[in-house]
Amino acid sequence: SSPSILVYSEWQNTPPGTVAVYIWRASSLETYGRLYIYHAVDDSRGLCPSRWRVPTDGEWTVMNDYLGGKSEAGGKMKTTYGWSQDSNGTNSSGFSGLPGGFRNYFGYFNYAGFNGYWWSSSPSGSYAWDRGLANSNEDVYRGYFSQRYGFSVRCVRDAE
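Predicted, not measured: the structure shown is a model, and the values here were computed from it.

Novice: Help me get a handle on the nonpolar core, residues and values and all.
Specialist: If you look at the biggest cluster of nonpolar residues, it comprises 13 residues, and the most contacted ones within it are Val-41, Trp-119, Phe-151 and Val-153. Of all elements in the fold, only α3 (38-42) and β6 (115-124) reach the threshold of two or more residues within this core. Here this core takes three residues from α3, the largest share from any one element. For Phe-151, the residues in contact, after removing those within four places along its chain, are Arg-34, Leu-35, Tyr-36, Phe-102, Tyr-117, Trp-119, Asp-130 and Phe-145.

Novice: Let's hear about a nonpolar patch on the surface: which residues, and what values?
Specialist: A cluster of nonpolar side chains, namely Tyr-105, Phe-106 and Tyr-108, defines an oily patch on the protein surface of about 310 Å² accessible area. The residue Phe-106 is located in the loop between β4 (102-103) and β5 (109-110) in this model.

Novice: Any chance you could break down the sheet that holds β6 for me, citing the residues and the numbers?
Specialist: Taken together, three strands build an open sheet; the order of strands is β6-β7-β8 and the sheet is antiparallel. Two strands in the sheet have a free side with no partner beyond their single neighbour: β6 and β8 (140-146). Strand-to-strand twist in this sheet, taken as the mean axis angle between neighbours without regard to direction, amounts to 30°. In terms of strand pairing, β6 meets strand β7 (residues 127-134) through seven bridges, oriented antiparallel. Looking at β7, one finds that Ser-124 is bridged to Tyr-127.

Quick notes on the rules
Within each chain, residues carry numbers counting from 1 in the order of the written sequence. At least 70 in pLDDT is required for a residue's local features to be given in this predicted model, at least 80 for side-chain atom pairs to be given and counted, and no such filter applies to totals for whole chains, interfaces and linings, which use all residues. For side-chain calculations, the full set of non-hydrogen atoms in the structure is used, while hydrogens and water are omitted. As used here, the term nonpolar core means buried Ala, Val, Leu, Ile, Met, Phe, Trp, Tyr and Cys residues forming a set that is joined through side-chain atoms within 4.5 Å. A simple rule labels every residue: compare its accessible area, found with a 1.4 Å probe on the protein chains alone, to the largest value its type can have, and call it buried under 20%, exposed over 50%, or partly exposed in between. Secondary structure follows DSSP: runs of H or I at least 4 residues long count as helices, runs of E at least 2 residues long count as strands, and numbering of each begins at the N terminus. Working rule for contacts: check all heavy atoms of both residues, and any pair within 4.5 Å makes them a contact. Surface patches are defined over residues having more than 30% relative accessible area and no salt bridge, joining like charges when they lie within 9 Å and nonpolar side chains (Val, Leu, Ile, Met, Phe, Trp, Tyr) when within 5 Å. Per-residue accessibility takes into account occlusion by the displayed protein chains alone, with areas from the Shrake-Rupley method and a 1.4 Å probe. We count a salt bridge whenever a side-chain nitrogen from Lys or Arg sits within 4 Å of a carboxyl oxygen from Asp or Glu. The criterion for strand pairing is that DSSP finds at least two bridges linking the strands in question. To get an axis, a line is fitted to the C-alpha atoms, and for a helix only the part in contact is used. The angle between two axes follows their N-to-C directions and goes from 0 to 180 degrees.

As structure tokens, then:
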């Protein structure tokens with residue numbers, strides 16, 4: 001089967017570079033994009049275009065601080081549409097964060113419409129650091145999850 005439609009039991013043993021589309025729906029791809037297993041972020045072939053890359057954990061922190069800190073940045077990063085329970089943001093940062101949910105270690109999809117998660121390029125053992133936004137508040141969450149999770153990715157341009 002294609003990586004996007006791996007059944008739940010197959011997800012845990014996927015090769016580097018595997019991607020998924022939330023619940024295998026074309027509408028999810030159009031709305032949220034793909035969910036990437038961490039090895040796609042760490043793959044030497046590069047997930048991002050030339051002169052772009054996935055931000056480090058420290059770079060995510062710099063952005064959060066610039067946008068007013070953990071408890072304010074999330075509202076500035078969320079889109080003005082698409083968040084459940086009318087918890088949209090202002091998108092004043094231009095980040096355009098959508099609640100694409102995730103695919104967990106066991107291959108199950110969760111939280112589209114409610115939460116969004118983005119990988120950093122910073123591993124921590126068999127885990128990696130990420131940032132998350134939730135429909136319940138304006139916070140930006142820093143956490144680390146198994147590299148077998150499927151999260152969204154945002155690329156940043158290298159300084160010239």
